[in-house]
Amino acid sequence: MRAAVLHGREDVRLERVPIPEPGPGEVVLRARAALTCGTDVKVFRRGYHAKMIVPPALFGHEAAGEIAALGEGVSGFAIGDRVVAANSAPCDECGYCRRGRPALCDDLLFWNGAYAEYVRLPARVVARNLIHVDPGLEFREAAMVEPLACVVKGVDDCGILPGMDVAVIGVGPIGLMFVALAHARGARVVAAGRRPERLERARGMGAAALLSLADAADPAARLRYSSPGGHGFDVVVEAVGHAVTAEAAVGAARKGGTVNLFAGPPAGTRISVDVAILHYDEITLTSSFHHTPETVREAHDLIARGVLKPRDLLHGEATLEELPTVLREMAAGDRPLKTAILP
Ligand SMILES: [Zn+2]
Ligand SMILES: [Zn+2]
């Protein structure tokens, strides 16, 4: 079969590799759609990801398709079933799993290889994070489950409730998903970003107001100024991953507010915060990593119900052969949204 293999920095090649065979408990998927993701671009640039992928390795982690082969002992699935898998599964046994925090699992098991004709899913992923796709959904829509599951967890983690004022900094696919879900929960959402054409997209996804931070000398002040009465926001989500926007997020929270530093920044990213403000205003500083089996299911449900419309976040389609070009364009900032790779 044809599959994309990551060899190192900016080095992804399309190669012929054997079609995988399922071991006990495993499933082989005929991939019908795989989505590009900001994480892939990060990995493409760096050449590896300590937690997720060490080259040479099959690449890609957001895929939906049909079951092509079943390993011994798999139950609840049949050949031909339309399914989507999350890109990892927790162990269910470590202290974090037992305390209900599976995203922090000490033994989180990742798979890679979505950019291929066939994908082998580990037994643990089949057991915990493989779900049937709603018949009304296309594969490229279903493949959005994984990133959305992370955002569902993010929204849960910062307790967004009806009537709250929420600011989302960053209007890439993840920021836009936050806008849509916060709006669906009844919050009034201000979307903040740099590029006007991307900001405009947030309006269609439920943002009540758009805020350009392009030439802001003091982005926190500009954010606060856009909040009701200038008091700041109940919830501020940082979906960029830069120190400047992270500091602005902390500075834009109102008394009793919550800041979710959601985006994964490079190691060593530092910010400075006024601890007195955190204390006297009881600001909650939090961060959300990854997803849980529960939010994976909720994400599928939100897509099936049309609360999140994947088409709003998709920018065309491409073949496996075109993937290296697509990744280069993404790395250069020319493809801000997701692309459906159709193997
Ligand atoms: Zn992803
Ligand atoms: Zn665990």
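Residues numbered from 1 in each chain as written. Chains lettered and ligands numbered in written order. Predicted model: local features only at pLDDT ≥ 70, side-chain atom pairs only at ≥ 80, totals over all residues.

(A) Helix α11 (residues 293-304), seen in detail. The end-to-end C-alpha distance of α11 is 17 Å, a good match for the 16 Å that 12 residues give at a rise of 1.5 Å each. Among the residues of α11, T295, V296, E298, A299, H300, L302 and I303 are the ones counted as buried. Close packing links the buried residues of α11 with β6 (82-85), α3 (123-129), β10 (130-132), α4 (139-142) and α5 (145-157). Taken from the residues just after α11, G306 is the one with a positive phi, measuring 80°. (Helix = DSSP H or I, 4+ residues; strand = E, 2+ residues; numbered from the N terminus. Expected span 1.5 Å × (residues − 1). Buried ≥ 20, exposed ≤ 12 C-beta atoms within 10 Å, placed from the backbone. Contact = placed C-beta atoms within 7 Å.)

(B) Local environment of the sheet that holds strand β11 (residues 165-169). Read from one edge to the other, the open sheet built from six strands follows the order β13-β12-β11-β14-β15-β16, with strand pairing classed as parallel. Strands at the two margins of the open sheet, each flanked by one partner only, are β13 (209-212) and β16 (284-286). Sheet twist, expressed as the average angle between the axes of neighbouring strands with direction ignored, equals 15°. Both strand β14 (residues 233-238) and strand β15 (residues 253-261) contribute to a ladder of five bridges, which runs parallel. Residue pairing for β15: V237 is matched across the bridge by N260. Helix-sheet contacts for helix α6 (residues 173-184) involve β11, β12 (188-193) and β14, and the interaxial angle to β11 is about 170°. Across the sheet, helix α9 (residues 243-251) is in contact with β11, β14, β15 and β16; its angle to β15 comes to roughly 155°. (Pairing = 2+ DSSP bridges. Axes fitted to C-alpha atoms, helices over the stretch in contact; angles between N-to-C directions.)

(C) Expanded view of the packing of helix α1 (residues 38-46) against helix α12 (residues 323-331). Following both chains from N to C, one finds α1 and α12 inclined at 95°, their axes separated by 10 Å at the closest point. On the basis of the axis angle, α1 is roughly perpendicular to α12. For the pair formed by α1 and α12, the contact residues are D40, V41, F44 and R45 on the first element and L327, M330 and A331 on the second. Counted by class, the contact of α1 with α12 contains five nonpolar, no polar and two charged residues. (Parallel < 35°, antiparallel > 145°, perpendicular 65-115°, else oblique. Nonpolar A, V, L, I, M, F, W, Y, C, P; charged D, E, K, R; others polar.)

(D) Layout of the nonpolar core. One finds A143, V145, L148, V168, F178 and V179 to be the most contacted residues of the largest nonpolar core, which totals 109 residues. The element that contributes the greatest number of residues to this core is α6, accounting for eight residues. In terms of domain composition, this core takes at least three residues from each of domain 1 (2-149 + 290-341) and domain 2 (159-286). Discounting residues that sit within four places of it in the chain, L148 has contacts with M177, A299, L302, I303 and L308. (Core = buried A, V, L, I, M, F, W, Y, C linked by C-beta atoms within 7 Å. Domains from an automatic or database assignment.)

(E) Examining the domain arrangement of the protein chain more closely. What the domain assignment reports for the protein chain is domain 1 (2-149 + 290-341) and domain 2 (159-286). Here the C-alpha centroids of domain 1 and domain 2 sit 28 Å apart. Listed as interface residues are 10 residues of domain 1 and, on the opposing side, 11 residues of domain 2. Taken together, the residues of the side of domain 1 that touches domain 2 break down into seven nonpolar, one polar and two charged.

(F) Looking closely at the sheet that holds strand β1 (residues 2-8). Read across the sheet, three strands follow the order β2-β1-β4 without closing on themselves; strand pairing throughout is antiparallel. Single-partner strands in this sheet number two, and they are β2 (11-16) and β4 (57-58). Pairing between β1 and β4: two bridges, direction antiparallel. Its bridge partner lying in β4, V5 is registered against L58.

(G) Spatial organisation of the packing of α5 against α6. Two elements in contact, α5 and α6, have axes separated by 10 Å at closest approach and are oriented at 55°. In terms of axis orientation, α5 runs oblique to α6. Here α5 and α6 pass one another in a crossing that is right-handed. Facing α5, whose interface residues are P147, L148, V151, V152, G154 and V155, α6 presents P173, I174, M177, F178, L181 and A182. Here the contact of α5 with α6 is built from residues that sort into 11 nonpolar, one polar and no charged. (Left-handed = near helix turned anticlockwise from the far one by under 90°.)

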